[in-house]
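Reading the structure
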Amino acid sequence: MDENSYQLEQQLQTLQKQQREAETTLEALKREQNDQAWLEEDFSRICHEEQEAMAYLRDVWQSAKATSFGHYLEDVHEQEKANWRKQFQAKEEEMQTKLASCQKTMNQLENQQRSIRKELIQ
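Here's what I pulled together on the structure shown here. (Residues numbered from 1 in each chain as written. Predicted model: local features only at pLDDT ≥ 70, side-chain atom pairs only at ≥ 80, totals over all residues. Heavy atoms only, no water.)

Considerations on the nonpolar core
Rules: The definition of a nonpolar core used throughout is a set of buried Ala, Val, Leu, Ile, Met, Phe, Trp, Tyr and Cys residues joined through side-chain atoms within 4.5 Å. Each residue is placed in one exposure class: buried if its accessible area under a 1.4 Å probe, protein chains only, is under 20% of its type's maximum, exposed if it is over 50%, and partly exposed if it falls in between. By definition in these notes, contact holds between two residues if any of their heavy atoms fall within 4.5 Å.
Counting residues in hydrophobic clusters, the biggest one holds 12 residues: Leu-8, Leu-12, Leu-15, Ala-22, Leu-26, Leu-29, Met-95, Leu-99, Cys-102, Met-106, Leu-109 and Ile-116. Dropping the residues within four chain positions of it, Leu-15 is found in contact with Leu-109, Gln-112, Gln-113 and Ile-116.

This is the structure in structure tokens:
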């Protein structure tokens, strides 16, 4: 094996190692995305339960002060829900960006490996 072939083999091994690392990163990102989906599902369930509780309390509250407090709680609940949804959306966008970047890196590594293999065959 000549010096050029040896260097190409070394580059190929380095690229393969980088690809394994990128695959590991991609798997971790997919697990994190799955965890995020479960968290969003739990959040939706909790919001539904809170809405049921608020509906029950609306039926029970009779005085003007209690009704005002109920409206206050509903407003706070809606604000918090909106904040959580914004955080979920931001996290999802961040995850999509990371996934796309990782996938792009993997494609580049595969292309580089393909190119080196062609060079080795010639």
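Observations regarding the side chain of Gln-19
Cut-off, in case you're wondering: Working definition: helices are DSSP H or I runs of at least four residues, strands are E runs of at least two. Numbering for both runs from the N terminus.
By the element assignment, Gln-19 lies in helix 1 (residues 3-60). Exposure remark for Gln-19: the relative accessible area of 11% places this residue in the buried category. Each residue touching Gln-19, except ones within four places of it in the same chain, is listed here: Leu-109, Glu-110 and Gln-113.

Focus on the pattern of salt bridges
In plain terms, the rule: Counted as salt bridges are all cases of a side-chain nitrogen of Lys or Arg within 4 Å of a carboxyl oxygen of Asp or Glu.
Applying the stated criterion across every chain yields a total of 5 salt bridges. Among the ionic pairs, Glu-94 bridges to Lys-98, the shortest N-O distance being 3.2 Å. You can see Glu-94 and its partner Lys-98 sitting in helix 2 (residues 64-121), 4 residues apart, about one turn around the helix. Beyond isolated ion pairs, a larger network of salt bridges with shared partners links Asp-42, Arg-45 and Glu-49.

Notes on the side chain of Gln-113
For clarity, the threshold we go by: Whenever a nitrogen or oxygen atom comes within 3.5 Å of another N or O atom, the pair is scored as a polar contact, on the condition that within protein one atom can donate a hydrogen and the other can accept it, and that pairs from neighbouring residues in sequence are kept only if both atoms are in side chains.
The topology assignment puts Gln-113 in helix 2. Polar contacts involving the side chain of Gln-113 include one to the side chain of Gln-19, which spans 2.5 Å. Leaving out residues up to four positions away in the same chain, Gln-113 has contacts with Leu-12, Leu-15, Gln-16 and Gln-19.

What to know about helix 2
The condition that has to hold: Helix span, expected: 1.5 Å multiplied by one less than the number of residues in the helix.
Along its 58 residues, helix 2 runs 85 Å from first to last C-alpha, staying within 8% of the 86 Å computed at 1.5 Å per residue. Within helix 2 the residues assigned to the buried category are Ala-66, Gly-70, His-77, Lys-81, Phe-88, Met-95, Leu-99, Cys-102, Met-106, Leu-109, Gln-113 and Ile-116. Packing partners of the buried residues in helix 2 comprise helix 1.

Distances and angles like these do not, on their own, reveal function.
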